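Overview (structure and organization)
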Amino acid sequence: MEIPGIHHVTAIAADPQRNVDFYTGVLGLRLVKRTVNFDDSGSYHLYYGDDLGRPGTILTFFPWPGAPKGRRGTGQVSAVSLSIPQTSLGYWMERLIRHGVRYEGPVKRFGEQVLAFQDPDGLALELVATNTLGDRPGWAMGPVPVEHAIRGVHSVTLWEEGQELTARLLTGMLGFRIAGAEGSRCRYEVGHGGTGTLVDLIDTSGFWRGVVAPTTVHHVALRTPDDEQQMEWQAELTRLCVHVTPVQDWQYFRSIYFREPGGVLFEIATDEPGFAVDEAPEELGAALKLPPWLEWRRPSIERALPEIRLPEAETIGGRE
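The following refers to the structure shown. Since the model is a prediction, treat every value here as computed from it, not as a measurement.

Next up on the list: the sheet that holds strand E10 (residues 177-182). The sheet built from eight strands is open, its strands ordered E6-E7-E8-E5-E9-E12-E11-E10 with mixed pairing. Edge positions in the sheet fall to strand E6 (103-109) and E10, since each of these pairs with one other strand and no more. Each adjacent strand pair in this sheet contributes to an overall mean axis angle of 25°, direction not counted. Bridge count for strand E11 (residues 185-189) against strand E12 (residues 198-203) is five bridges, and the pairing is antiparallel. Its bridge partner being in E12, cysteine 186 is matched across the sheet by leucine 201. Sheet strands in contact with helix H2 (residues 89-98) are strand E5 (76-85), E6, strand E7 (112-118) and strand E8 (124-130), and its direction is about 15° off that of E7. Strands strand E9 (153-160), E10, E11 and E12 of the sheet are contacted by helix H3 (residues 164-172), whose axis makes an angle of about 160° with E12.

This paragraph deals with the layout of surface pockets. The space that makes up the largest pocket amounts to roughly 270 Å³. Every residue lining the largest pocket is counted, 16 residues in all, and those nearest its centre are Arg72, Glu104, Ala116, Phe117 and Ala124. Every element with two or more residues in the lining of the largest pocket is listed here: E5, E6, E7, E8 and E9. When grouped by side-chain class, the residues that make up the lining of the largest pocket number eight nonpolar, three polar and five charged.

On to the pairing of strand E2 (residues 30-37). Counted residue by residue, E2 has eight buried out of eight residues, so it is predominantly covered. Hairpin geometry of E2 and strand E3 (residues 40-49) is characterised by an intervening segment of two residues between the two adjacent antiparallel strands.

Let us look at H2. Considered for burial, the residues of H2 that qualify are Leu89, Tyr91, Trp92, Arg95 and Leu96. Mapping the buried residues of H2 onto a view down its axis gives an arc of 155°, with all of them on the same face. Elements in contact with the buried residues of H2: helix H1 (16-26), E5, E6, E7 and E8. Directly beyond the C-terminal end of H2, a positive phi value near 75° is found at glycine 100.

The rules behind each value
Residues numbered from 1 in each chain as written. Predicted model: local features only at pLDDT ≥ 70, side-chain atom pairs only at ≥ 80, totals over all residues. Heavy atoms only, no water. Pairing = 2+ DSSP bridges. Helix = DSSP H or I, 4+ residues; strand = E, 2+ residues; numbered from the N terminus. Axes fitted to C-alpha atoms, helices over the stretch in contact; angles between N-to-C directions. Contact = heavy atoms within 4.5 Å. 1 Å grid on protein atoms, 1.4 Å probe; cavity = no way out; pocket = protein on both sides within 12 Å on 5 of 7 lines; lining within 4 Å. Points joined across faces, edges and corners; volume = space filled by probe spheres on them. Nonpolar A, V, L, I, M, F, W, Y, C, P; charged D, E, K, R; others polar. Buried < 20%, exposed > 50% of the residue type's maximum accessible area, 1.4 Å probe, protein only. Arc of directions from axis to C-beta.

Right, here's the structure in full:
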């Protein structure tokens, strides 16, 4: 069994329209699926990524309008880092300024330049200018020129009350390996390494515990290629006395969940079947999609959800 890298990161938002405006209109990601939280059909589940929402490029959000803000702290993913081409740093500094997004940096981390900023809800984000993109394509039809487009998740940073047990789980159970250390930050990589395979641990002992709500990450998902390997992971986690959930079918992938020793919720999600299972690739994100067991409730679900629309710049292929 091998985990190729990060599948997606899911966070909590407040206003769904503001979320769509920022992630499609400012960051230039594609809204690849608008559906509902299968556990709470009264709220959206929004997925962003590249043109097809390939594993490793996906950010997802549960919008909870009116909910009190969360709090970043230990036992949480404290920041989500996104990859951009190494030559695109200047473009993104100018773009963030133009859209009124305050940033810090750039600073050098493990040989790469990093810009830090927040989304409208206060979620901590980073853009990492890297030469480890491999063959990841940018989305050519968004408001960001394809040569500067975000290429997916670069890494996640975990704040921990001590690193030892979490590091042991990453390296001893999940197949990660140490990739370096800078100050209090220790980096671990899996698979082939580079973009989309990195987890950073920071010891924040003595800091307050995090509270999951808008402004925070709900969970981070790791990849597995298929159902067979997912079942093997479930059996292995159980054998090692880690509490793991039954398989959950989320229509576009299947998942199991467990908490690492510090409290961060991890998921192992299948690469298959993908977001084109219920709509054509060119129509991804255009309409509200529901799983078959919720279709009979579509009229009431649509009445309860606030209307959202895509920014006009989304449709004009890299120009604003």
